[in-house]
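In case you want the letters, here they are:
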Amino acid sequence: MPYFESRLKVNSNDFEDIEQKLDFCKNLGIKYLILEFENGVKNIKPELMDKISSFSEFKIYYRTTFKPKNLDDLRNKLKQYINVSNIIAVESTDKEVQIQAARDSRVDLISFSDENVIKTLTPGIISLTKQNNSFIEFSLGLLMTKSKVIQSRVLRSLYRALQLSMQLNANFIISGNVDNFYNLRHPRALISVSHTLLSIPLLTAKKAFSDNVLALINRVKMRQDKNYYELGVKLIGRGDIQ
């Protein structure tokens, strides 16, 4: 079963930084990664992608995370990303932005990784993401702080949000999403943290780092395949019939 680090932030202008982080992941035994460039994937030079691809020991995917200021900003950002093959995520405290993102088939993931954003999760957003077969993201990076006050506050918010998500059977993933890569942990360690500190059943925690991430990646692939009419329905030709 592959376990993912689903949000490893990298600087597209600093390959040494990327190389250092990938080497650190290699030493930790993390083989499945979703990289997030600070300015999105769209304008990344092919030469950089080729360099990253040379790390053949990894299975690497990409994501773009929008943090729109308002609804118009979200729409403008999404217009620039038509028929892209990477994961599109949205992170915002704005309710209107969240609702639109949850309804938009181009958005694969709504992230509740920021401390202020976590508190805004509602049953309505969960319901919309389930209808659209999109996903919700939580991150454990905020727990990697020396401040016990902040850690305790974030822990309470995360616990409430995760319990709500499980009660409503939400599609959710969990990422490490650490700012300091020395705080990186293997997903197996984060599964243990999720189970012991956040009271997530062990199987559910494993799915949040594995099966659910694979389902998210498959959603992106289906979005790119014009033969798919809707979830579970694929248009086939004579050549597809055995």
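On a predicted model such as this, the values are computed, not experimentally measured, just so you know.

Rules used throughout
Residues numbered from 1 in each chain as written. Predicted model: local features only at pLDDT ≥ 70, side-chain atom pairs only at ≥ 80, totals over all residues. Heavy atoms only, no water. Salt bridge = Lys/Arg side-chain N within 4 Å of Asp/Glu carboxyl O. Helix = DSSP H or I, 4+ residues; strand = E, 2+ residues; numbered from the N terminus. Buried < 20%, exposed > 50% of the residue type's maximum accessible area, 1.4 Å probe, protein only. Pairing = 2+ DSSP bridges. Axes fitted to C-alpha atoms, helices over the stretch in contact; angles between N-to-C directions. Phe/Tyr/Trp six-rings, centres within 6.5 Å; stacked < 30°, edge-to-face > 60°.

Asks: Now, about the pattern of salt bridges: what can you tell me, with residues and values included?
Replies: Opposite charge on two side chains lets them pair, provided their charged atoms get close. Enumeration according to the criterion identifies 14 salt bridges in this entry. Across the pair Glu36 and Arg7 runs a salt bridge, and its minimum N-O distance is 2.9 Å. Here the residue Glu36 occupies a position in strand β2 (residues 32-37), and Arg7 occupies one in strand β1 (residues 4-10), the gap between them amounting to 29 residues. The burial state of Glu36 is the same as that of Arg7; both residues are buried. Connected through shared salt-bridge partners, Arg7, Glu36, Arg63, Lys67, Glu91 and Glu137 make up one network.

Asks: If you had to explain the sheet that holds strand β6 (residues 135-139) to someone new, which residues and values would you point to?
Replies: The strand order across the open sheet built from 7 strands is β1-β2-β3-β4-β5-β6-β7, with neighbouring strands paired in parallel fashion. A strand with exactly one partner marks an edge of an open sheet, and here the two such strands are β1 and β7 (172-175). Adjacent strand axes in the sheet meet at a mean angle of 30° when their direction is disregarded. As paired elements, β6 and β7 share 4 bridges and run parallel to each other. Bridge assignment links Ile136 to a residue of β7, and that residue is Phe172.

Asks: Any details on the packing of aromatic side chains? Residues and values, ideally.
Replies: Applying the stated criterion across every chain, the model contains 10 aromatic pairs. With a centroid separation of 6.5 Å and an interplanar angle of 50°, the aromatic rings of Phe15 and Phe55 are classed as tilted. With Phe15 in helix α1 (residues 15-28) and Phe55 in the loop between α2 (46-53) and β3 (59-66), this pair connects stretches of sequence that are 40 residues apart. Judged by its relative accessible area of 22%, Phe15 is partly exposed. Residue Phe55 is classed as buried on the basis of its relative accessible area, which comes to 10%. Look at Phe55 and Phe58: their rings are 6.4 Å apart centre to centre, the planes differ by 45°, and that puts the pair in the tilted class. Residues Phe55 and Phe58 agree in their burial class; the two are buried. Through successive ring pairs, a cluster of aromatic residues spans Phe4, Tyr32 and Tyr61.

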